[in-house]
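Overview (structure and organization)
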Amino acid sequence: MDDRRTAIGPRLPIVVSGRGLSGTQAGEYGVSTVSKVSVKTGNSITIPCRYNLRYIEYVKYWCQGDYWNSCSALVRTDQPKISGTVSISDDVTRRIFSVTMTDLQPEDSGYYWCAVETTGRDQHTYLHLSVTTGTPGLYVDQQEVTGVEGGSVTVCCHYSNTVAKKWLWCKMGIYYVPLVGRYSGLLDGTSVTSQQTIDNNNRHILTVTLNGLNMGDTGWYWCSTGDLQMPVHITVNQLTTTQSITPASTTTPTPTSTITISTVDQLTTTQTDTIIKKLTPQDISLTSPTTVVPAVSSSTSQAPVNNTHDGAQGWERTLFYLPKTVNAVLFLLCTIIAVVKFMANRL
């Protein structure tokens, strides 16, 4: 059996304890990452590498090669952060440096190393990347997911094999939970629910939802089944709500209320409600605490129109009552004539 550290010896251990990182290559020198990922040709992937607190100030780098003693560094944090299709970034707050590889081709398949340069022996651990022209063994709809405080996010993990093994959902550096059938529980204090389905091709899909998000939920996660993992980064933002009312440009104003609300699945959702009547400030009643200020347009240009309209209404009233008045006069005359004739006949 080969060893990725040297040409002989045992492989690096894979930690599977409840407080460890299932499916994670945990280097004995304080660096850990996923162990095996699969990507479709032409796509990109980001790999997170977690390191020990003592290595915050040290240089991190990404190395390619079947064995540690023969691998070549592709990108380093003390040099330009981008080299060709490979880039590196270091989040010292969470002690994770990330490597992104874009436009992957089959020849990019092989072993890669997360490494930290030290004064003694460099700290390192490896993973295997498989680039396929077909469907990857395990993939997600998107590797970067964004949510808001108090909301939820959903991640769909697709397993191309028709025989699904045990699913795991992991948070880097914290815990993992085994997901069997429908699951509901806590991961690092956050509610996690999941369900497993099968598509028309008899391939398995794991849907994981994190509920009641808080800022501490920002970080790297991954779903795992068999010997495959797929990292997913979740970012939690603060919820912001803005509201505005803009009247439409017609003779009779039709105010439009535009409410922008940050949500989990889609950070900005715009809902437009058009009120087909003229509103007064007393008519506007919103349950949202946000103050809504109607836009006010100048009335100077409306004065001539209003005067003309008042004159037209006067003529309409005159023409409306004139026939009624004539009829009333004629009725009165006829009544008088009838009375006079009646009196004359009696005499």
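Figured I'd write up the structure that's included with this text. Since we're looking at a predicted model, the values are computed, not measured. (Residues numbered from 1 in each chain as written. Predicted model: local features only at pLDDT ≥ 70, side-chain atom pairs only at ≥ 80, totals over all residues. Heavy atoms only, no water.)

Focus on the pairing of strand E20 (residues 204-211)
Filter applied, for reference: Relative accessibility decides the category of a residue: with a 1.4 Å probe and only protein chains considered, values under 20% of the type maximum give buried, values over 50% give exposed, and everything between is partly exposed. Helix and strand labels come from DSSP, where a helix needs a run of H or I of at least four residues and a strand needs a run of E of at least two; each type is numbered from the N terminus. Two strands pair if DSSP finds at least two bridges between them.
The element E20 is extensively covered by neighbouring structure, given that seven of its eight residues are classed as buried. Where strand E19 (residues 190-198) and E20 come together, eight bridges link them in antiparallel fashion. Looking across to E20, one finds that Ser191 is bridged to Asn211.

Structural notes on the sheet that holds strand E16 (residues 167-171)
Condition: To obtain an axis, a line is fitted to C-alpha atoms, over the contacting stretch when the element is a helix, and the angle between two such axes runs from 0 to 180 degrees between their N-to-C directions.
Within the open sheet, the five strands sit side by side as E14-E22-E21-E16-E17. Their pairing is mixed. Whereas interior strands pair on both sides, the edge strands pair on one side only; in this sheet they are strand E14 (144-148) and strand E17 (176-179). Shown here is a sheet whose adjacent strand axes are inclined to one another by a mean of 25°, direction ignored. Inspection of the sheet shows E16 paired to E17 by four bridges, in the antiparallel sense. Bridge assignment links Trp167 to a residue of E17, and that residue is Leu179.

Observations regarding a nonpolar patch on the surface
Using the following cut-off: What makes a patch is a set of residues exposed beyond 30% relative accessible area and free of salt bridges, joined within 9 Å when like-charged and within 5 Å when nonpolar (Val, Leu, Ile, Met, Phe, Trp, Tyr). A 1.4 Å probe and the Shrake-Rupley method give the accessible areas. Residues count as covered only by the protein chains that appear here. Throughout this description, the term salt bridge denotes a Lys or Arg side-chain nitrogen within 4 Å of a carboxyl oxygen of Asp or Glu.
Where nonpolar side chains cluster on the molecular surface, the patch consists of Leu322, Val326, Val329, Leu330, Leu332, Leu333, Ile336 and Val340 and spans about 720 Å² of accessible area. Of note, Leu332 is situated in helix H1 (residues 303-346). The class for Leu332 is exposed, based on a relative accessible area of 51%.

Thoughts on the state of the cysteines
Heads up, the condition is: Cysteine sulfur atoms are paired as a disulfide whenever they fall within 2.5 Å.
Under the criterion given, the structure shown has three disulfides. One disulfide in the model links Cys63 with Cys71; its S-S distance is 1.9 Å. Residues Cys63 and Cys71 are joined through a disulfide that is right-handed, its torsion about the S-S bond being 100°. As far as burial versus exposure is concerned, Cys63 and Cys71 are alike and both buried. With a sulfur-sulfur separation of 2.3 Å, Cys157 is cross-linked through a disulfide to Cys223.

Some words on the packing of aromatic side chains
Keep this limit in mind: Two rings from Phe, Tyr or Trp (for Trp, the six-membered ring) form a pair when their centres sit within 6.5 Å of each other. Planes less than 30 degrees apart are called stacked, planes more than 60 degrees apart edge-to-face, and all others tilted.
All chains considered together, the criterion is met by nine aromatic pairs. Plain terms: the ring middles of Trp68 and Trp113 are 5.5 Å apart, the flat faces sit at 55° to each other, and that makes the pair tilted. Taken together, the residues span a long stretch of sequence, with Trp68 in the loop between strand E6 (59-64) and strand E7 (72-76) and Trp113 in strand E11 (residues 110-117) at a distance of 45 residues. Assessed through its relative accessible area of 0%, Trp113 is described here as buried. Where Trp169 meets Tyr221, the ring centres are 5.6 Å apart and the plane angle is 15°; that geometry is what we call stacked. Separated by 52 residues along the polypeptide, Trp169 in strand E16 and Tyr221 in strand E21 (residues 219-225) bring together distant segments of the chain. Residue classification places Trp169 among the buried positions, given a relative accessible area of 0%. Classification of Tyr221 by relative accessible area gives buried; the value is 2%. Members of the aromatic cluster, joined through ring pairs, are Tyr61, Trp68, Tyr111, Trp113 and Tyr126.

Re the side chain of Arg76
Selection criterion: Any pair of nitrogen or oxygen atoms within 3.5 Å is treated as a polar contact; in protein, a donor-acceptor pairing is required on top of that, and neighbouring residues in sequence qualify only through side-chain atoms on both sides. Whether two residues are in contact is decided by their heavy atoms: any pair within 4.5 Å suffices.
Residue placement: Arg76 occurs in strand E7. Take Arg76: its relative accessible area is 15%, and that puts it in the buried class. Reaching out from Arg76, the side chain makes a polar contact with the side chain of Glu117 at a distance of 3.1 Å. Setting aside residues up to four positions removed in sequence, Arg76 forms contacts with Val59, Lys60, Tyr61, Lys81, Ile88 and Glu117.

Some points on the nonpolar core
Threshold: In this description, a nonpolar core means a group of buried Ala, Val, Leu, Ile, Met, Phe, Trp, Tyr and Cys residues linked to one another through side-chain atoms lying within 4.5 Å.
Counting 54 residues, the largest nonpolar core has Trp62, Trp169, Leu210 and Ile234 as its most contacted members. Of the residues forming this core, the biggest block, five residues, is contributed by strand E22 (residues 228-237). If we skip the residues at most four places from it in the chain, Leu210 touches Gly151, Ser152, Val153, Trp169, Thr190, Ser191, Val192, Tyr221 and Ile234. In terms of nonpolar packing, the next biggest core, distinct from the first, is built from eight residues, Cys63, Trp68, Cys71 and Ala115 among them.

Things to note about the layout of surface pockets
Our working definition: In this analysis, the protein atoms alone were mapped onto a 1 Å grid. Cavities are point sets where a 1.4 Å probe fits without being able to get out; pockets are open sets with protein on both sides within 12 Å along at least five of seven lines; lining residues have an atom within 4 Å of a point. Grid points are joined across faces, edges and corners, and a volume is the space filled by probe spheres set on the points.
Taken as a whole, the second largest pocket spans an internal volume of roughly 220 Å³. Along the wall of the second largest pocket there are 13 residues; nearest its centre are Val39, Asn43, Ser44, Tyr139 and Val140. Going through the elements one at a time, strand E4 (36-40) and strand E13 (138-140) are the ones with two or more residues in the lining of the second largest pocket.

Some words on the sheet that holds E20
Strand order in this open sheet of five strands is E13-E15-E20-E19-E18, and the pairing throughout is antiparallel. Among the strands making up the open sheet, the edge pair consists of E13 and strand E18 (183-187). Ignoring strand direction, the axes of neighbouring strands in this sheet form an average angle of 25°. Two elements, E18 and E19, share five bridges in a ladder whose sense is antiparallel. Across the sheet, Tyr183 pairs through a bridge with Ser194, a residue of E19.

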